[in-house]
Amino acid sequence: RDVPRDPSGPLVDPFDHLYGDFNPWCGLESYRFWHNYTEYASLPGLQRFASAADLLEGLAEMAFSPAGPGRRAAALAEMRAQQARRRAETLLFWSSALLKAARTR
């Protein structure tokens, strides 16, 4: 499919993976585009790594280095704060939706 590209938009068609037969190796750029909007990419406190060696190095540093307990506590505090914010947003949304639904009856 040849779609003209808007110069202000993404470099790839983010819906490219939806066209034609499914192939997990087709449209990898689209998957990369959408990954940026997932919780795996956007939640604060997540520890990122570039390779298996980088992962193991980061785990060893958090587990065995003198700075490890502080890094673990900071990451945990950041993740818990984000979870509290998301919980408050969810509660506000659903309570508002229930009130609106109750008023329409």
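All figures in this text were calculated on a predicted structure; none of them were measured in a lab.

Cut-offs applied
Residues numbered from 1 in each chain as written. Predicted model: local features only at pLDDT ≥ 70, side-chain atom pairs only at ≥ 80, totals over all residues. Heavy atoms only, no water. Helix = DSSP H or I, 4+ residues; strand = E, 2+ residues; numbered from the N terminus. Buried < 20%, exposed > 50% of the residue type's maximum accessible area, 1.4 Å probe, protein only. Contact = heavy atoms within 4.5 Å. Areas by Shrake-Rupley, 256 points an atom, 1.4 Å probe, with all protein chains shown as cover. Expected span 1.5 Å × (residues − 1). Salt bridge = Lys/Arg side-chain N within 4 Å of Asp/Glu carboxyl O. Axes fitted to C-alpha atoms, helices over the stretch in contact; angles between N-to-C directions. Parallel < 35°, antiparallel > 145°, perpendicular 65-115°, else oblique. Nonpolar A, V, L, I, M, F, W, Y, C, P; charged D, E, K, R; others polar. Patch = residues over 30% accessible without salt bridge, like charges linked within 9 Å, V, L, I, M, F, W, Y side chains within 5 Å.

### Quick word on the overall build of the chain
And then number 1: Check the secondary structure of the chain and you find four helices and zero strands.
And then number 2: Along its sequence from the N terminus, the chain presents helices and strands in the succession α-α-α-α.
And then number 3: Within the chain, the fraction of its 105 residues that count as buried is 9%.
And then number 4: A separation of at least 24 residues holds for 25% of the contacts in the chain among residues at least 6 apart in sequence.
And then number 5: Surface exposure of the chain reaches about 9000 Å², of which carbon and sulfur atoms provide 63%.

### Section: the environment of Ala-41
And then number 1: As for its position among the elements, Ala-41 is in helix α2 (residues 39–42).
And then number 2: Classification of Ala-41 by relative accessible area gives partly exposed; the value is 22%.
And then number 3: The contacts of Ala-41, once residues within four sequence positions are left out, are His-35, Asn-36 and Arg-48.

### A closer look at helix α4 (residues 68–103)
And then number 1: Over its 36 residues, α4 runs 52 Å from end to end, which matches the ideal 52 Å to within 8%, given 1.5 Å per residue.
And then number 2: Within α4, the full set of buried residues consists of Gly-68, Ala-75 and Gln-82.
And then number 3: Buried residues in α4 make contact with α3 (52–64).

### Quick notes on the pattern of salt bridges
And then number 1: Applying the stated criterion to the full structure yields one salt bridge.
And then number 2: The residue Arg-71 makes a salt bridge to Glu-61 at a minimum N-O spacing of 2.8 Å. Here Arg-71 is found in helix α4, whereas its partner Glu-61 is found in helix α3, with 10 residues between them in sequence.

### Some remarks on the side chain of Gln-82
And then number 1: Looking at where Gln-82 falls in the secondary structure, it is placed in helix α4.
And then number 2: Classification of Gln-82 as buried rests on a relative accessible area of 16%.
And then number 3: The contact partners of Gln-82, leaving out residues within four places of it in the chain, are Leu-43 and Pro-44.

### Digging into the packing of α3 against α4
Between two packed helices, both the angle of their axes relative to each other and the distance between the axes serve to describe the pair.
And then number 1: In contact at an axis separation of 6 Å, α3 and α4 are set at 105° when each is read in the N-to-C sense. If you check the angle between α3 and α4, you find them roughly perpendicular. Of the residues in α4, those touching α3 at Glu-61, Met-62 and Ala-63 are Gly-68, Pro-69, Arg-71, Arg-72 and Ala-75.
And then number 2: Of the residues that constitute the contact of α3 with α4, the class distribution is four nonpolar, one polar and three charged.

### Let's talk about a nonpolar patch on the surface
And then number 1: A contiguous nonpolar surface patch, about 540 Å² in accessible area, is contributed by Phe-15, Leu-18, Tyr-19, Trp-34 and Tyr-37.
And then number 2: Position of Trp-34 relative to the elements: it lies in helix α1 (residues 28–35).
And then number 3: Given a relative accessible area of 33%, Trp-34 falls into the partly exposed group.

Function-wise, these values are silent; they only describe arrangement.
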